[in-house]
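Overview (structure and organization)
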Amino acid sequence: MASRLNTSNGALSCGAIARRPPSLRGSRMHGRPLLCLSAVALGMAWCCSSRLAAAFSSPQAVINAVTGRRAEMLRGRTARGSGVVASIDNQVKTVAETIDDFYNAYPKPPILPMYRTFLVDLMTQTHLTVADSRFKYDAVFGLGLKKSFTGLMSSYDKVVGSSESEKIWKAMTEALGFTVEKVEKDAEDVEAFASSTSPADILAHMEGSSESAAADSAVAEAFSSITSGLYSNNFGVGIFQIMEHSKVDVNKANVEEWAKALKITPSKMTSNLETYQLNKKKLQAAEEMIREVEIREKKKLAERLEAKAKALAEKAAAKASETEAKSE
């Protein structure tokens, strides 16, 4: 009994252990370190899993962890992006800057809403044209810009009761990067040329087949440069003005003929013509509405004055009657 271990608790005898093959005994001895390492690993895993479970015990915690990481990544990207944008020296003026320059030059009185929409649209379109690298200023463009403005603001001074349109014109022209004197002189020169030159000669100058020196140099330059330059709405309006001053009917067929002479895609000018005519109708309708309002206001004023005069006459008559009664 002494030579054996107690087997009641599942223990093996010393003889049984001794009878085990050496290979099994060796594997058990080598396996003990592995068991220890496994136990340590399981313990560490349990600890980590416990901490993770505690950290992410609720869905909100998971969301906060994910969104926090995402926000950190976005902040990094934004910081890098802002650094790149800040390092770029952008020399192109924006539409907002042009409009800000206009309002800085003409802060008040406020422009009437009906006119402000057209004016801002004109400034925006002209700014986008000027900002294009293909744009080159010429006298016909200057005439178109001037006439686009005057067509829009022709009745403005009458409506507001003061001379504001010239101030607005100056502020807009300078905000777009032009000088008023230059644009107005070019517009006058082109109008004088159109009024003194026959339509046939104008077309010949456009085609470059005329040997006459009658064409103003600025006009000739505008006709030649538009073939390789940027066509714009203001240039189209300038051409329409030349047609009107030279007594040419501004219709689709004539516009297409002049566009071909200038080597401009006819559809561009005809589309521009539709917009030009539509704006003219809108402005005419607006002016008609203004006249109707003026007539109504004048009628109301006359009625008020008549009622006031009648009241004063009645008051004077009553006072005279009272005085006469007292004297008796």
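Rules used throughout
- Residues numbered from 1 in each chain as written.
- Predicted model: local features only at pLDDT ≥ 70, side-chain atom pairs only at ≥ 80, totals over all residues.
- Heavy atoms only, no water.
- Phe/Tyr/Trp six-rings, centres within 6.5 Å; stacked < 30°, edge-to-face > 60°.
- Helix = DSSP H or I, 4+ residues; strand = E, 2+ residues; numbered from the N terminus.
- Buried < 20%, exposed > 50% of the residue type's maximum accessible area, 1.4 Å probe, protein only.
- 1 Å grid on protein atoms, 1.4 Å probe; cavity = no way out; pocket = protein on both sides within 12 Å on 5 of 7 lines; lining within 4 Å.
- Points joined across faces, edges and corners; volume = space filled by probe spheres on them.
- Nonpolar A, V, L, I, M, F, W, Y, C, P; charged D, E, K, R; others polar.
- pLDDT = per-residue confidence, 0-100.
- Contact = heavy atoms within 4.5 Å.
- Salt bridge = Lys/Arg side-chain N within 4 Å of Asp/Glu carboxyl O.
- Arc of directions from axis to C-beta.
- Polar contact = N/O pair within 3.5 Å; in protein donor to acceptor, adjacent residues only side chain to side chain.
- Core = buried A, V, L, I, M, F, W, Y, C linked by side-chain atoms within 4.5 Å.

A few points about the packing of aromatic side chains
Any pair of aromatic rings gets described here by the distance separating the centres and the angle formed by the planes. For the structure on display, the rule yields eleven aromatic pairs. Ring plane angle 45° and centroid distance 5.2 Å describe the contact between Phe149 and Trp169, whose orientation is recorded as tilted. Within this pair, whereas Phe149 is found in helix H6 (residues 139–153), its partner Trp169 is found in helix H8 (residues 165–175), the two being separated by 20 residues in sequence. Classification of Trp169 by relative accessible area gives buried; the value is 1%.

Brief notes about empty space enclosed by the protein
It is a probe the size of a water molecule, rolled over the atoms, that shows where empty space is left. For the coordinates displayed, the defined rule picks out one cavity of 30 Å³ or more. Roughly 70 Å³ of internal volume is contained in the largest cavity. Residue lining of the largest cavity: Met114, Tyr115, Phe118, Leu152, Ser155, Leu283, Ala286, Glu287 and Ile290, and that is the complete set. Sorting the residues of the lining of the largest cavity by element identifies helix H5 (113–131) and helix H14 (266–327) as the ones contributing at least two each. Element by element, the count of residues in the lining of the largest cavity is highest for H14, at four residues. Of the residues in the lining of the largest cavity, the class split is seven nonpolar, one polar and one charged.

Quick notes on the confidence of the model for the protein chain
Close reading of the predicted structure is inappropriate where its pLDDT is low. Here the protein chain averages 77 in pLDDT, and 70% of its residues register 70 or above. Low pLDDT, under 50, characterises residues 1–42; the stretch is placed with 14 contacts to residues that sit more than four places away or in other chains. Confidence drops under pLDDT 50 across residues 45–67; counting only partners more than four residues distant or on other chains, this segment forms four contacts.

Re unusual backbone geometry
The omega angle of the peptide bond from Lys108 to Pro109 is 0°, so this bond is cis rather than trans. Looking at the secondary structure, you find Pro109 in the loop between helix H4 (95–105) and H5. Positive phi, close to 65°, is recorded for Lys247, a residue that is not glycine. By secondary structure assignment, the location of Lys247 is in the loop between helix H12 (233–245) and helix H13 (252–261). Although it is not a glycine, Lys263 sits at a positive phi angle of roughly 60°.

A short note on the pattern of salt bridges
For the structure shown, the criterion picks out ten salt bridges. In this structure, Lys146 engages Glu184 in a salt bridge whose closest nitrogen and oxygen atoms are separated by 3.5 Å. Here Glu184 lies in helix H9 (residues 180–196) and Lys146 lies in helix H6, a separation of 38 residues in the sequence.

Remarks on H4
When H4 is considered as a whole, its buried residues turn out to be Thr98, Ile99 and Phe102. Buried positions in H4, seen along its axis, are confined to an arc of 95° and lie on one side of it. Those residues of H4 hidden inside the fold are in contact with H5 and H8.

Details of the side chain of Asn234
Its place among the elements puts Asn234 in helix H12. On the basis of relative accessible area, Asn234 is assigned to the buried category, the value being 5%. At 3.5 Å, the side chain of Asn234 forms a polar contact with the side chain of Ser148. In this structure, Asn234 is in contact with Leu122, Thr126, Val140, Phe141, Gly144, Leu145 and Ser148, ignoring residues within four places of it in sequence.

Some points on the nonpolar core
Met206, Phe223, Ile239, Ile242 and Trp258 are the most contacted members of the largest nonpolar core, which totals 32 residues. Mapped onto this core, the elements with two or more residues apiece are H6, H9, helix H10 (199–207), helix H11 (217–225), H12, H13 and H14. Looking at which element gives the most residues to this core, the answer is H12, with six residues. Not counting the four nearest positions on each side in its chain, Trp258 is found in contact with Ile202, Leu203, Met206, Ile239, Ile242, Met243, Ser246 and Val248. Counting residues in each nonpolar core, the second largest holds 26 residues, with Met123, Leu152, Trp169 and Val180 among its members.

A short note on the layout of surface pockets
Reported here for the largest pocket is a volume of approximately 700 Å³. Lining the largest pocket are 28 residues, with Lys147, Ser148, Val237, Tyr276 and Asn279 sitting closest to its centre. Broken down by secondary-structure element, the contributors of at least two residues to the lining of the largest pocket are H5, H6, H12 and H14. Taken together, the residues that form the lining of the largest pocket break down as eight nonpolar, 16 polar and four charged.

Brief notes about the side chain of Lys146
Owing to a relative accessible area of 14%, Lys146 belongs among the buried residues under this scheme. Residues contacting Lys146, with those up to four places away along its chain left out, are Glu166, Trp169, Glu184 and Ala187.

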